[in-house]
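Architecture and fold: a report
Here are the chains, one letter per residue:
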There are 4 protein chains.
Amino acid sequence: MSHTQQDQAKLLARVRRLTGQMQALERALLAQAPCADVLQQLASIRGALNGLTAELMEGHLREHVLAAESETARVQAVDELSAVLRTYVR
Amino acid sequence: MSHTQQDQAKLLARVRRLTGQMQALERALLAQAPCADVLQQLASIRGALNGLTAELMEGHLREHVLAAESETARVQAVDELSAVLRTYVR
Amino acid sequence: MSHTQQDQAKLLARVRRLTGQMQALERALLAQAPCADVLQQLASIRGALNGLTAELMEGHLREHVLAAESETARVQAVDELSAVLRTYVR
Amino acid sequence: MSHTQQDQAKLLARVRRLTGQMQALERALLAQAPCADVLQQLASIRGALNGLTAELMEGHLREHVLAAESETARVQAVDELSAVLRTYVR
C-alpha cells in the first residue's frame with residue numbers, strides 16, 4: 001500500500017482513533033447509555049470512517065492509477081476502485 | 001462526454017425513466033398518496049439515480065482516466081472524480 | 001399523505017425543481033456536456049433528493065407516528081419508516 | 001438504552017466484532033497490505049456499522065417511540081431520531 005507509506009503514521013493514527021471510538025461505543029452499551037447518545041456515537045464513527053475512506057480512495061487514484069508502473073497495473077487499479085465504488089454509490 | 005456517445009441512447013433512456021419517476025412522484029403528491037408510498041418512490045428514485053451515477057463514474061474512469069489523451073488530461077479527470085467522490089463518501 | 005397537505009405547495013415546488021434538474025441533465029447529455037459537469041449535476045440532484053426525503057421522513061414521524069389516530073396506525077407508520085430506513089442505512 | 005438490554009449480549013458481540021475488524025485494518029496498514037484490500041476492508045466495516053445502526057434505529061423506534069412512557073418522551077425520541085437521520089439522508 002505504497003501511498004500510505006509516506007503518511008502511514010497519520011493514517012494509523014486515524015484508524016486507532018476509530019478503534020478508540022468503537023471501544024467507547026462498547027463502554028457506552030455496557031453502561032446502558034441513552035440510545036440517542038449511542039446513535040450519535042455511531043453517526044460520528046461513520047463520519048470518521050467515510051473521511052478515512054475518501055482519503056484512501058484519493059490516495060489510490062493518485063498512487064495506483066496516476067502513478068501506475070504499467071498500463072496493466074493502471075487498468076487493475078481502476079477496476080479495484082470501481083468495484084469498491086459500487087458499494088458506496090448504490 | 002465522449003464515454004457516453006457510444007451508449008448515449010442507453011444513458012438517455014435511463015435519465016428519461018428517472019424523469020418519468022419524478023413526474024410520477026409529482027402526481028402521487030397531487031393525488032395525496034399515502035406517505036409510505038411516496039417514501040418508497042423516493043427510495044426507488046434514489047436507487048436508480050445511484051445506479052446511473054456509479055455507471056457514469058466507471059465510464060469516467062475508463063474513458064477520461066485510462067484512455068486520457070495526455071498526462072495533464074488524466075490528472076484533471078482524476079481530480080474531477082475525487083471532488084465528486086467526496087460528496088458521496090462522507 | 002396528510003402531512004404534506006399543509007405545505008403541499010412547497011413540496012410540489014421542490015419535486016418540480018428536481019424534475020427540472022433531471023431535464024437539464026437530459027439536455028446536458030444530448031449536448032454532450034463534459035462528463036465532470038454531468039457528475040456534478042448528478043451529485044446536486046442527489047443532494048436535493050436526499051433533502052426532500054429527510055423532510056418527508058420527519059413529516060412522517062410527526063404526522064403518522066406522533067399524531068397517529070390509533071396505536072395500530074402508529075405501529076404501522078413505524079414499520080413503514082423502518083422498511084424505508086433499511087435502504088438508506090446499509 | 002433499555003431496548004438493548006434484552007439483546008445487549010448480541011449487540012455487544014456485534015460491536016466487538018467491529019472493533020476486531022478495525023484492529024485487523026490497523027494490522028493491514030502496518031503490514032502494508034495492498035490498497036485494494038484495505039479499501040475492501042473499509043467497505044466491509046461500513047456495511048457492518050450501517051447494519052448495526054439500522055438495527056439500533058429500529059430499536060429506538062420500537063422502545064422509545066412506540067413504547068414511550070409519556071407523550072413528552074415520545075416527542076423527544078422522535079426529535080432524537082430526526083436529528084440523526086439528517087446525517088444519513090443528505
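That block above? That's the structure.
Right, let's walk through the structure included here. Not measured: the values here are computed from a predicted model. (Residues numbered from 1 in each chain as written. Chains lettered and ligands numbered in written order. Predicted model: local features only at pLDDT ≥ 70, side-chain atom pairs only at ≥ 80, totals over all residues. Heavy atoms only, no water.)

1. Some details on the overall build of chain A
Applicable threshold: Only DSSP runs of H or I reaching four residues or more are called helices, and only runs of E reaching two or more are called strands; each is numbered from the N terminus. The size measure is the radius of gyration over C-alpha atoms, and the globule rule it meets is 2.2 Å times the number of residues to the 0.38 power. Exposure is judged per residue with a 1.4 Å probe applied to protein chains only, and the accessible area is read against the type maximum: over 50% gives exposed, under 20% gives buried, and values in between give partly exposed.
Along the backbone of chain A there are three helices and zero strands. When its helices and strands are written in sequence order, chain A yields α-α-α. Since a compact globule built from 90 residues should have a radius of gyration of about 12 Å, the 17 Å found for chain A marks it as more spread out than a globular shape. In chain A, which comprises 90 residues, the proportion classed as buried is 53%.

2. Here we look at unusual backbone geometry
Notably, Gln32(C) is not glycine yet its phi reads approximately 50°, a positive angle. Inspection of the secondary structure puts Gln32(C) in the loop between α1 (8-30) and α2 (35-66).

3. Focus: helix α1 (residues 8-30) of chain A
How we decide: Expected span of a helix: the number of residues minus one, times 1.5 Å. Any two residues having at least one pair of non-hydrogen atoms within 4.5 Å are treated as being in contact.
For α1(A), built from 23 residues, the straight-helix expectation of 33 Å at 1.5 Å per residue is met to within 8% by its first-to-last C-alpha distance of 33 Å. Three or more residues of α1(A) are buried, namely Gln8(A), Leu11(A), Leu12(A), Val15(A), Leu18(A), Thr19(A), Met22(A), Leu25(A), Glu26(A), Ala28(A) and Leu29(A). Residues of α1(A) that are buried in the fold lie against α2 (35-66) of chain A together with α1 (8-30) and α2 (35-66) of chain D. Gln32(A) sits one or two residues past α1(A) and shows a positive phi near 50°.

4. Observations concerning the relation of the copies chain D and chain C
Which entries qualify depends on this criterion: Residues reaching a pLDDT of at least 70 in both copies supply the C-alpha atoms on which the copies are superposed by least squares.
Each copy superposes on the other: chain D lies on chain C with an RMSD of 0.0 Å after a rotation of 180° and an axial shift of 0.0 Å. The relationship between the two copies is best expressed as a two-fold rotation axis. Residue Tyr88(D) of chain D places its C-alpha closer to the rotation axis than any other residue of that unit, at 3.6 Å. In this assembly the copies share their binding face: 100% of the residues contributing to the interface of chain D also contribute to that of chain C.

5. Points about the interface of chain D and chain C
Stated precisely, the cut-off is as follows: For any pair of parts, buried area is found by adding up, for both, the accessible area (1.4 Å probe) each one loses once the two are put together. Salt bridges are defined as contacts in which a side-chain nitrogen from Lys or Arg sits within 4 Å of a carboxyl oxygen from Asp or Glu.
Of the residues lining the interface, 22 residues belong to chain D; the matching set on chain C comes to 22 residues. Interface area, chain D with chain C, both sides summed: about 2000 Å², of which 68% is carbon and sulfur. Here chain D and chain C share four salt bridges between them. Two residues, Arg86(C) and Glu55(D), come together in a salt bridge whose shortest N-O distance is 3.9 Å.

6. Quick word on the interface of chain B and chain C
Test applied: Throughout this description, a polar contact denotes any pair of N or O atoms lying within 3.5 Å of each other; where both atoms belong to protein, one of them has to be capable of donating a hydrogen while the other can accept it, and for residues adjacent in sequence the pair is counted only when both atoms sit in side chains.
Contact with chain B, which involves 41 residues of that partner, is made by 43 residues of chain C. Summed over both partners, the interface of chain B with chain C buries about 3900 Å², with 70% contributed by carbon and sulfur atoms. For the pair chain B and chain C, the number of links is two salt bridges. Glu26(B) serves as the salt-bridge partner of Arg16(C), at 2.9 Å between the closest nitrogen and oxygen. Scanning the region where chain B abuts chain C turns up six residue pairs in polar contact (both at pLDDT 80 or more). Among the elements of the structure, α1 (8-30), α2 (35-66) and α3 (71-88) of chain B are those that each provide at least two residues to the side of chain B that touches chain C. When residues of the side of chain B that touches chain C are assigned to their parent elements, the largest contribution, 17 residues, is made by α2(B).

7. Things to note about the side chain of Arg74(A)
Topologically, Arg74(A) is positioned in helix α3 (residues 71-88). The exposure class of Arg74(A) is buried, given its relative accessible area of 8%. Residues in contact with Arg74(A), not counting those within four places in the same chain, are His64(A), Val65(A), Leu66(A), Ala68(A), Leu66(B) and Arg74(B).

8. Some words on the relation of the copies chain B and chain C
Copy one and copy two of the chain differ by a rotation about an axis and a translation along that axis. Note on the copies: chain B fits chain C at an RMSD of 0.0 Å, the axial shift is 0.0 Å, and the rotation between them is 180°. Here 100% of the interface residues in chain B have copies in chain C that are interface residues too; the copies meet face to matching face.

9. Describing the pattern of salt bridges
Tallied over the entire structure, the rule returns 20 salt bridges over all chains. With a closest N to O distance of 3.3 Å, Arg74(D) and Glu71(D) form a salt bridge. Of this pair, Arg74(D) and Glu71(D) are both found in helix α3 (residues 71-88), three residues apart, which corresponds to roughly one turn of the helix. Of the residues examined, Glu71(D) reaches a relative accessible area of 43% and is grouped as partly exposed. A network of salt bridges, in which partner residues are shared, links Arg14(A), Glu55(A), Glu58(A) and Arg86(B).

10. As for the side chain of Asn50(C)
If you trace the backbone, Asn50(C) turns up in helix α2. Looking at Asn50(C), its side chain comes within polar contact range of the main-chain oxygen of Arg90(D), at 2.7 Å.

11. Examining helix α3 (residues 71-88) of chain C
An α-helical turn contains 3.6 residues, so any two residues separated by three or four positions project in the same direction. When the terminal C-alpha atoms of α3(C) are compared, their 26 Å separation across 18 residues agrees well with the 26 Å that a helix rising 1.5 Å per residue should span. Regarding α3(C), the residues found buried are Arg74(C), Ala77(C), Val78(C), Leu81(C), Ser82(C), Val84(C), Leu85(C) and Tyr88(C). The inward-facing, buried residues of α3(C) abut α2 of chain B, α2 of chain C together with α2 and α3 of chain D.

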